[in-house]
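Residues per chain, in single letters:
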Amino acid sequence: MNTDQSLRNRVLNEMLVWIEGNLDKPLSLDLLANRSGYTKWYLHRIFKEYTGLSLGEYCKLRRLSRSAVLLMLTQTRIVDIANELCFTSTQAFSRAFKSQFSKTPNAFRLSDTWDIRGFCGPYHNMRELMPTPQILDLKSINVVGIGYELSCKVEEETKFDFSIRESLLERKTAKSTNNIIIGLVDYVSSGDKINYRIKYTAASLISENRANTKSESIINVSGGKYAKFEYVGSSEGMKDFIYKIYTAYLPAQHIIRRKGIDVEMYQRQSKKIKKSGMISLWYFIPIL
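Not measured: the values here are computed from a predicted model. (Residues numbered from 1 in each chain as written. Predicted model: local features only at pLDDT ≥ 70, side-chain atom pairs only at ≥ 80, totals over all residues. Heavy atoms only, no water.)

Enquirer: I keep staring at the overall build of the protein and nothing clicks. Help me out?
Expert: Across its full length, the protein holds 10 helices and eight strands. Residues counted as buried form 47% of the 288 residues belonging to the protein. By element, 51% of the accessible surface of the protein is carried by carbon and sulfur atoms, the whole surface being about 15,000 Å². (Helix = DSSP H or I, 4+ residues; strand = E, 2+ residues; numbered from the N terminus. Buried < 20%, exposed > 50% of the residue type's maximum accessible area, 1.4 Å probe, protein only. Areas by Shrake-Rupley, 256 points an atom, 1.4 Å probe, with all protein chains shown as cover.)

So, in structure tokens, the structure goes:
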């Protein structure tokens, strides 16, 4: 890559990050060209070469995709979503949303599935190849575990970092003799206009250590089809890995997430691996 191309890519990546933080503001080609230092014509051309989309198309798709997450996870009024994401009217938003997701915003919100086949993730986060998962049919299981619940803003899950998982997993590991510890992630629409809830449970199979389960909750993990991903990497990178599954892999593969709980499976790790900050797990997503 030559110096000019490297500079151009850096400018485009910085612009993509800036767009992501300003989807709730009017974004004209004039404004974006001024920020980039390029002419409107040149910026339009290189952006489409880089992403495959025009600037206008990209901004519209990112707004529609963010609206889909708001509809799935919050009770923000449709009119407020349309206004927040700079659509000219609720009717214009509804038409654009149905064209992209094949459902009206209200039907999308009421659905038992997460049909995000029309989703467009942030391009600057999506360029790495995603691993190919195994598609499995699993039986229903009962587990028992220690739970924690927290509130997050949509697409700003900064509170849900690995330290929360780690604390609960360590407590559960101390009680369990099994080499596999299970983490359950339940994304819950909270009724809040801005936030949603994440319920996280560190669990083990209910058949073991029955004496230690009095203060813990029994949870049924439904059987059915799951996409199984493998992750080996830093604890800091895990959140980004899961975000890319939802915003890049599932839409690209036209996979629909069905109602259910995401399942993490961890093996006990040596102290040496633990000190290195590296983790290894399988991540299961319920799908149709």
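Enquirer: Can you walk me through the pattern of salt bridges in this structure?
Expert: A side chain of one charge can pair with a side chain of the opposite charge if their charged atoms are brought near each other. For the coordinates displayed, the defined rule picks out 14 salt bridges. We note a salt bridge from lysine 244 to aspartate 240, for which the minimum N-O separation is 3.4 Å. Of this pair, lysine 244 and aspartate 240 are both found in helix H9 (residues 235–252), four residues apart, which corresponds to roughly one turn of the helix. Here the residues in one salt-bridge network are Arg8, Arg45 and Glu49, joined through shared partners. (Salt bridge = Lys/Arg side-chain N within 4 Å of Asp/Glu carboxyl O.)

Enquirer: When you look at the environment of glutamate 14 in this model, what are you seeing that I'm missing?
Expert: By the element assignment, glutamate 14 lies in helix H1 (residues 3–20). Along the backbone, glutamate 14 and serine 36 are 22 residues apart, and their C-alpha atoms lie at a distance of 8.9 Å.

Enquirer: Help me understand the nonpolar core in this model?
Expert: For soluble globular proteins, the rule of thumb is that nonpolar side chains tend to be buried together. Among the nonpolar cores identified, the biggest contains 69 residues, and Ile19 and Tyr187 are the most heavily contacted of them. With 11 residues, helix H4 (residues 55–73) is the single largest residue contributor to this core. For isoleucine 19, the residues in contact, after removing those within four places along its chain, are Leu27, Leu32, Leu55, Tyr58 and Cys59. (Core = buried A, V, L, I, M, F, W, Y, C linked by side-chain atoms within 4.5 Å. Contact = heavy atoms within 4.5 Å.)

Enquirer: Honestly, the pairing of strand E2 (residues 141–153) in this entry has me stumped. Any pointers?
Expert: For a regular strand, side-chain orientation follows a simple rule: the groups alternate between the two sheet faces. Two elements, E2 and strand E5 (residues 217–221), share five bridges in a ladder whose sense is antiparallel. Directly across from isoleucine 141, in E5, lies its bridge partner valine 221. Taken together, the 11 bridges between E2 and strand E4 (residues 195–205) define a ladder with antiparallel strand orientation. Each bridged residue has a counterpart across the sheet, and for glutamate 149 the counterpart in E4 is lysine 199. (Pairing = 2+ DSSP bridges.)

Enquirer: Where do I start with H4 in this structure?
Expert: Along its 19 residues, H4 runs 27 Å from first to last C-alpha, staying within 8% of the 27 Å computed at 1.5 Å per residue. Counting buried positions over the 19 residues of H4 gives 16, a clear majority of the element. (Expected span 1.5 Å × (residues − 1).)

Enquirer: So what exactly am I meant to see when it comes to the environment of phenylalanine 97 here?
Expert: In this structure, phenylalanine 97 sits in helix H6 (residues 90–101). With a relative accessible area of 0%, phenylalanine 97 lands in the buried category. C-alpha of phenylalanine 97 to C-alpha of leucine 64: the two residues are 33 residues apart in sequence and 6.3 Å apart in space. Aside from chain neighbours lying at most four places away, what touches phenylalanine 97 is Leu64, Ser67, Ala68, Leu71, Ser102, Lys103, Thr104, Pro105 and Phe108.

Enquirer: It is not clear to me how unusual backbone geometry should be interpreted in this structure. Could you clarify?
Expert: The bulk of non-glycine residues show a negative phi, and the bulk of peptide bonds are trans. The backbone of cysteine 86 sits at a positive phi, close to 70°, despite the residue not being glycine. By relative accessible area, cysteine 86 is classed as partly exposed at 29%. Even without being a glycine, serine 102 presents a positive backbone phi close to 65°. Position of serine 102 relative to the elements: it lies in the loop between H6 and helix H7 (105–110).

Enquirer: Sorry, what's going on with the sheet that holds strand E1 (residues 134–138) here?
Expert: The strands making up a sheet are joined through hydrogen bonds of the backbone, oriented either antiparallel or parallel. Strands sit in the order E1-E6-E8-E7-E3-E4-E2-E5 across an open sheet of eight strands; the sheet is antiparallel. Looking at which strands have only one partner, the edges of the open sheet turn out to be E1 and E5. Neighbouring strand axes in the sheet, compared pairwise and without regard to direction, differ in orientation by 35° on average. As judged from the nine bridges shared by strand E6 (residues 224–234) and strand E8 (residues 278–286), these two strands associate in the antiparallel manner. (Axes fitted to C-alpha atoms, helices over the stretch in contact; angles between N-to-C directions.)

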